[in-house]
Every structure is written in structure tokens, then in C-alpha cells.
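Below, each chain spelled out in residue letters.
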There are 2 protein chains.
Amino acid sequence: MYSFELTILGASGGPEGGVTQCFMVRPSGTRGVESICVDGGAGAGQITRMIARYGPYANPDMVESFYANDVEPAAKFFDAYSNMEFGLPSHITTYLENKEGLCNTRMKAIEIYNGIKEYYVTHAHLDHISEMVLNSPLAYEDNPSLASKKIWGLDFTVEALKKHLFNDLVWPDLVSDNERFQLGTLKDLKSHRCSVFPQWDIIPLQVNHGHGAVLTMKRVYSTVYLFRDRETKNCLLVCGDIEADFSLGAEKSLFCRLLKYIAGHVDQGKLRGIVIECSSSMSTDESQLYGHLSPVHLVDALVRLQNMYAGKDSLKGLEVIISHVKRVSARLDPRLTILDEIREQALLKGLEGIIFSMAVHGFTFHL
Amino acid sequence: MYSFELTILGASGGPEGGVTQCFMVRPSGTRGVESICVDGGAGAGQITRMIARYGPYANPDMVESFYANDVEPAAKFFDAYSNMEFGLPSHITTYLENKEGLCNTRMKAIEIYNGIKEYYVTHAHLDHISEMVLNSPLAYEDNPSLASKKIWGLDFTVEALKKHLFNDLVWPDLVSDNERFQLGTLKDLKSHRCSVFPQWDIIPLQVNHGHGAVLTMKRVYSTVYLFRDRETKNCLLVCGDIEADFSLGAEKSLFCRLLKYIAGHVDQGKLRGIVIECSSSMSTDESQLYGHLSPVHLVDALVRLQNMYAGKDSLKGLEVIISHVKRVSARLDPRLTILDEIREQALLKGLEGIIFSMAVHGFTFHL
């Protein structure tokens, strides 16, 4: 039995837009089109192409790459034990086929877009919000009861969206006086009951994400969301950008606090999946990580979590889905390089039985 | 003899990102990869797919649509007299084929991205800048002498980019203390000599673009760029979003001022092309245009320009390339609806001999 459906609308760490981080999440087996999204770096464009099975979604067995080959076999990106399907969840596809009046791909895409009732944003960096903002006029194609959405985030995220995005200068202010888009502020560590899927509690956890680029060097923050099914207690952890800040010490490291929270609040075996970034490969200098993870840090974090549970084998069967790989200049697809490095590090560091796959846009994981 | 090469990297008026307005412009016949872009709503992602002839660029005869059909014949979008080619300018393709060391599509795309030496931004709305911002880390893949870029705009554009985008909250501040991205402020109506293509003068003209969405209802501005070849005096006019503000009267209408400027500074017959938005079809209520044009307004503006010249036939042979059509919910592709409406209005209003085509991403116009 699965608990969570996770559809990857986008998972790139850039530089190209339209396919950056956006995960559509639903309780397994949900009928209809209702969903929530973590981040909004992808959206209507990818939904449209997924419905049409067009462009990157024309062939379920191949993934666009543009490195050693322009396309690579999809199987290279996934663990053989990952449970996944190509495209949108089958219940959504069935719903679209049976609903009358959706006479073309665009209308079907708007139906799915209307189904996104909430966004949970990790932080306001453009690769995590661009499509959410650009798609927003679509919410005016139907009546408010169908098309309204809520955008949730911690205070630093909501403030940035209000002040720097929906300010008429960068995008029309659709949030100040409007029933279709409402910003909602969550509190760090405070459990929030999801109104779309009331069987879920969603807990936001603030994490570090490096520093500003110049001068002030102010800290930049991001958010991790823990989804917990109230009945089964099964959990899914979805990260945005995150810094391996362990050098701050156990008291000050927000990553350390995150791991402790999970070990303390999620029973062993109940964590069905972790979606986590790994932006850069091991050949990247530490000074060039800019508040992101490399394979060493990612595996280090998982080892810490394993130790907080019962040690060896306590994370067996956990699915770890890697996102946000930066498409830098290289001979080989950095996603494949990083996936190899993570698996190798996991072996070296005594992490056993974890299922590592790459988040590839256009696929749905069942967790 | 052509004067301008205009490659459409993106021309959508949304809601999907990654293919919104970005025009790569070069003097005809330019060898190598150097270019400038007007706006940055598309970029590295589209360049990559154009090189690979992948996704929407797999078939030169078909255009992605997602309305009546998922793809439509390309010929529907262009006038038979338009001079165009599929994909990147042939000199760029030849250059990539002959340059050593570019061993995959990604590396070729970065070479072209490095070739973009300047962006001329019309205004800071996200659909005109998102990819320019998201692509910016790519400029660190090579040394500064190869990868540096300048971003130009009128004061309101440059201020918004600095304050609301490159501020560490929405995107790392890559412009404050950095040799790779420099913001440069242009002055309204003041001719600027293009340093990449010194045969060009570029004149920015401020225009109106509606009002803020709520409360203050402050005016929003945009920019039109006039490119003039110093030798041949041939000109190309590239618009961003623009409002038909003629009701303000000839003294206050910035659109009127723009037309007068053209009629006064560009000799009849020297205007090789106008790229101009037409966001919404004629079925759209005036109150729903939000500072954009519909076919009636676009044709009205051209009639005014025709009258400022010698009247009938004075715009004969002018290419008008339509951009920024909003992909709203409809049975038929709004781009085809709008192109039909414009041609019909032109006939009705006595505009003769103008060549109307749609800006479709993935094609290069020769003007």
C-alpha cells in the first residue's frame, strides 16, 4: 500500500526555467484532480506537454539530457525498486478522459491547474516560484470557487513574495485584494492541517541556505516540509534548497535540528520517502556550493539520521529522490554523475538498503 | 538585402514560462555567435532544444499549439512573403559545427549563451526577464572576458531588477559587485550606440503599460526599442508590452509620441519590421486588456503611422510580427484567431501591403 503520489513537474536546479522544482503531491489513489504543490518552478507548460505526451514526454522510455546524448534511457535515472509511472497519476488521466467539455489539451491542463489548491513554497528564489507566478492569470479562466488557491510559506518566503514579486513592478499584485490568491504564513515547527487533504498534517521546518552574494552576506533561509498522514502515520519529507550547516554545531545547525525532529517524531519505518536536493557533484569545491548539498553532505545527513534511529538497516527501504541538480557544462549528464556518486558514498559510509532515484520531470513516484 | 536577423527564442504572453518574450537580434549575416537580446523571457533552455532539434523543434513544419490540435502546420502562422528560416541563424549553426571542443548540445548552448553580450529589457515583468535571471549562473562557466553581459533598460526597469530580482531574496545579487553582469541605465529618447554591433544606434522610448492591479493603481511603464543601422538607415522597431493610450490625447499619449518619433526619424521605406504585442483577441473586453493591445488597437496604431507618412501604401512591404499572445482557454489557438482578426481589421481600415506574421519560438526572421 502506498501513501503518497509525487508527480515531478520540475526538478532541475537550473539554469533553464520552466522545469525547475515543483512537486505535485496527493494522497495515494486520490480521485479527481485535486493536488497541492511544493514549490512552483514548473507548472502549466509541463502539465500541458505531459497531457499531450509532447516534446520531452513523447517517449516514456527516454529522458531529455543534452550531454553525452540528447536523450538517455529513463531507466538510468531510477532505482529498479522505485515504484513509479510515466506521466500524471492514472486517476488524473482517467478523470480527464471522462470529464465532458474538455475539448482540447489546453482545457485539460487548466482543469489540472485549477486542481492545485495550495502551494507550499520553500523559499522565494526564482527557480522555486517562477511558474507559480507566471501561471497565476490562469486562475481567472474559471470562477473563483474552482480556481482559488492559497500560497503558504514561512514568514521570510511570504514577505518576499508580497514585496518583490506580486508588487505590480515584477508581477501584477494578485494577492492584496483578491479572492483567488491568498498568501498564508506558516510557523516554523508548527503542524498545519492541510485543508485540501485533511488527513495530512504538514510541518514546516526552517533550514539554512547559504548567504547573500555580496556585501551584507546575510543568511538566506529555506524550508523543508514534512507531510504526515494522521491515520497511518506515514510520512514524506520534501526539501527545497538546503545547506549542510553541521559545522555550526548540534545546537545551531538547522539541518541537525531537522534530523532530530524526524527521528523524534517519525516512527522508524514510517518515513516513506525523502525528496532532497543535491545540486553539485563531488568535483565541486566546497566554496562553490552556495548553500547547497553535494553527494558527501547528502550521505552524511542520511548517516546521521540512520544513527539517530537504530543504526544499521534502520532506513532500509527508504526512497530518497534527488532533485535540483545544476545542469552545468560537462561531458556527462550531472544527474547521472551525482546519482552514481551518492550510491558509491552510501556504500562507503555503511548506508544500506536505501533506494536512490533521480527526480525527473514527467514521472510520478508512488511512495 | 536584409538588415536584421531576428530569432524568436520566446514570444508567448504566458501563462507558461520558458517561452515568453525574448528576441535575439543581430545584423544580417553576422558570423560567429555574438548577439543581443530584447527581453529575457526565454533563453538557454530553448537554445538547447533548438540546437538539438528536440521537443518543439523536432519538426520544422509543425508548431506546438495544444488547442484544436496539439501541433499545427507552421505555415498557418506566417505570411507567405515573410523571409524566415527554421531554427537559429545559419551562420550560428555553421559556427557551432566548425568550432572544436563543443562535444555536446549543452556546451554548444553555453557557447550561444555566452554570445549574448547585452540584454535590452522593456520592463521588469517576470515574463520578460525570468529566463535572463535564471540563466545567469551560466555566465560563470567560462572566464569573464567570454561570459560577461550587460543588462540595459530605462530607469524604472533597472531599479526594479536591482531592488526586486537581484537582491539575494529572489535571486543572488550578481549585479552589485561583479564583472559578469552589469546593469546600465538608458535615457528615454536618447540614442545609444550599441557596443556589440557599433553599426547600430538603439533608441529606447518609454510607453505606457496599464496600471497596478490594486490600491495605488500606479501607472506601469514599458519600453520600445528602435534599432537603426547607421549606414543604411534601415530600422527595426521592437516593442514589449504596450498600451493603446490614445485616449490621453496627442500630447500625453506615449504611443502617439512613439509613432510621431518613428515618422519623424525613420525615412519612409526604411522601417524593415515592427515586432509588437497583441495579447488578446477582439472578443476581449476593453477592461480586460490590462495595458495590452488587441487587434483593433494594433491596426489603429498602424493606420495612424501610415497617415503620418504619405498615407495609402506608405507602409507597403513592412513586416509586422505579432508577439505576446496570451494562451487563454479557447477552442482555437488564440494566435491564429488574432492573426486572422488583424488581417481582417487591416483590410477594413485600408492598411495595404503589410506582411503580418506571428512570432513563433524557434524561427528566425530576416528583415
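To keep things clear, this report deals only with the structure shown in the data block. Worth saying up front: this structure is predicted, and the values here are computed from it rather than measured. Starting afresh in each chain, residues are numbered from 1 along the sequence in its written order. Following the order in which they are written, the chains are lettered starting with A and the ligands numbered starting with 1. pLDDT decides what is reported in this predicted model: residues at 70 or higher carry local features, side-chain atom pairs at 80 or more are listed and counted, and totals for whole chains, interfaces and linings draw on all residues regardless. To get the side-chain values, all heavy atoms of the structure are used, and hydrogens and water are removed first.

Residue and element names in this part refer to chain B. Positionally, glutamate 277 belongs in strand 14 (residues 271-277). For the buried glutamate 277, no salt bridge exists, and the shortest N-O distance to an oppositely charged side chain is 7.5 Å, to lysine 326. Within 3.5 Å is the distance limit for a polar contact, defined as a pair of N or O atoms, with the added protein rule that one can donate a hydrogen and the other accept it, and that residues adjacent in sequence qualify only through two side-chain atoms. Within the structure, the side chain of glutamate 277 is placed 2.7 Å from the side chain of serine 279, a separation counted as a polar contact. A polar atom in the side chain of glutamate 277 sits 3.1 Å from the backbone nitrogen of leucine 293. When neighbours within four sequence positions are excluded, glutamate 277 is seen to be in contact with Gly240, Asp241, Ile242, Gly291, His292, Leu293, Ser323 and His324. Think of it this way: any DSSP run of H or I at least four residues long counts as a helix, any run of E at least two long counts as a strand, and we number them from the N terminus. Buried residues are those whose accessible area, probed at 1.4 Å on protein chains only, stays under 20% of the maximum for their type, while exposed residues exceed 50% and partly exposed ones sit between those limits. The charge count includes Lys and Arg as positive and Asp and Glu as negative, but it does not include His or the ends of the chains. For this analysis, a salt bridge means a side-chain nitrogen from Lys or Arg found within 4 Å of a carboxyl oxygen belonging to Asp or Glu. Here, residues are in contact when the closest pair of their heavy atoms is within 4.5 Å.

Listed by partner, the interface residues are 56 residues for chain B and 56 residues for chain A. Once two parts are brought into contact, the accessible area they lose, counted with a 1.4 Å probe and summed over both, makes up the buried area. When the two sides are added together, the surface that chain B and chain A hide from each other amounts to roughly 5100 Å², 61% of it contributed by carbon and sulfur. Counting across the chain B and chain A interface gives four salt bridges. Residue arginine 49 of chain B pairs with glutamate 64 of chain A through a salt bridge whose shortest N-O separation is 3.3 Å. Viewed at the interface, chain A and chain B are joined by 27 residue pairs in polar contact (both at pLDDT 80 or more). The set of elements that each furnish at least two residues to the side of chain B that touches chain A consists of helix 1 (44-52), helix 3 (105-115), helix 4 (130-134) and helix 6 (155-165) of chain B. Residue polarity follows a fixed list, in which Ala, Val, Leu, Ile, Met, Phe, Trp, Tyr, Cys and Pro are nonpolar, Asp, Glu, Lys and Arg are charged, and the others, Gly among them, are polar. Residues belonging to the side of chain B that touches chain A are distributed by class as follows: 26 nonpolar, 16 polar and 14 charged.

What follows covers the sheet that holds strand 14 of chain B. Each strand in a sheet pairs with its neighbour through backbone hydrogen bonds, running either in the same direction (parallel) or in the opposite one (antiparallel). Ordered in space as 10-11-12-13-14-15-16 (chain B), the seven strands form an open sheet in which the pairing is mixed. Looking at which strands have only one partner, the edges of the open sheet turn out to be strand 10 (192-193) and strand 16 (355-358) of chain B. Two strands are counted as paired when DSSP detects at least two bridges linking them.

Residue and element names in this part refer to chain A. Pairing within the open sheet is mixed, and its seven strands lie in the order 10-11-12-13-14-15-16. Looking along the sheet, the strands with just one partner apiece sit at the ends: strand 10 (192-193) and strand 16 (355-358). Judged from the four bridges that link them, strand 15 (residues 319-323) and strand 16 form a sheet pairing that is parallel. Bridge pairing in strand 16 links glutamate 319 to isoleucine 355.

Residue and element names in this part refer to chain A. Between 30 and 60 degrees the pair is tilted, below 30 it is stacked and above 60 it is edge-to-face, where a pair is any two Phe, Tyr or Trp rings, Trp via its six-membered ring, whose centres lie within 6.5 Å. This model, assessed by the stated rule, comprises 22 aromatic pairs over all chains. When the centroid spacing of 5.5 Å and the interplanar angle of 70° are considered together, the rings of phenylalanine 86 and phenylalanine 363 count as edge-to-face. Remark: phenylalanine 363 occurs in strand 17 (residues 363-366) and phenylalanine 86 occurs in strand 6 (residues 84-86); sequence separation between them is 277 residues. Accessibility assignment for this pair places phenylalanine 86 and phenylalanine 363 in one class, buried.

Another aspect to go through is the state of the cysteines. By convention in this document, the label disulfide applies to cysteine sulfur atom pairs within 2.5 Å. Counted by the stated rule, this structure contains zero disulfides over all chains. The thiol of cysteine 37 of chain A is not disulfide-bonded; the next cysteine sulfur, from cysteine 22 of chain A, is found 3.9 Å away.

Strand residues, when the strand is regular, have side chains that alternate between the two faces of the sheet. Residue and element names in this part refer to chain A. Residues Ser35 and Cys37 of strand 3 (residues 35-38) are buried on one face, and the alternating residues Ile36 and Val38, pointing to the opposite face, are buried as well. For strand 2 (residues 22-27) and strand 3, the ladder comprises three bridges, and the chain directions are antiparallel. Across the sheet, residue phenylalanine 23 finds its bridge partner in strand 3, namely valine 38. Where strand 3 lies against strand 7 (residues 116-120), four bridges are found, and the strand directions are parallel. The residue of strand 7 that forms the bridge with cysteine 37 is tyrosine 119.

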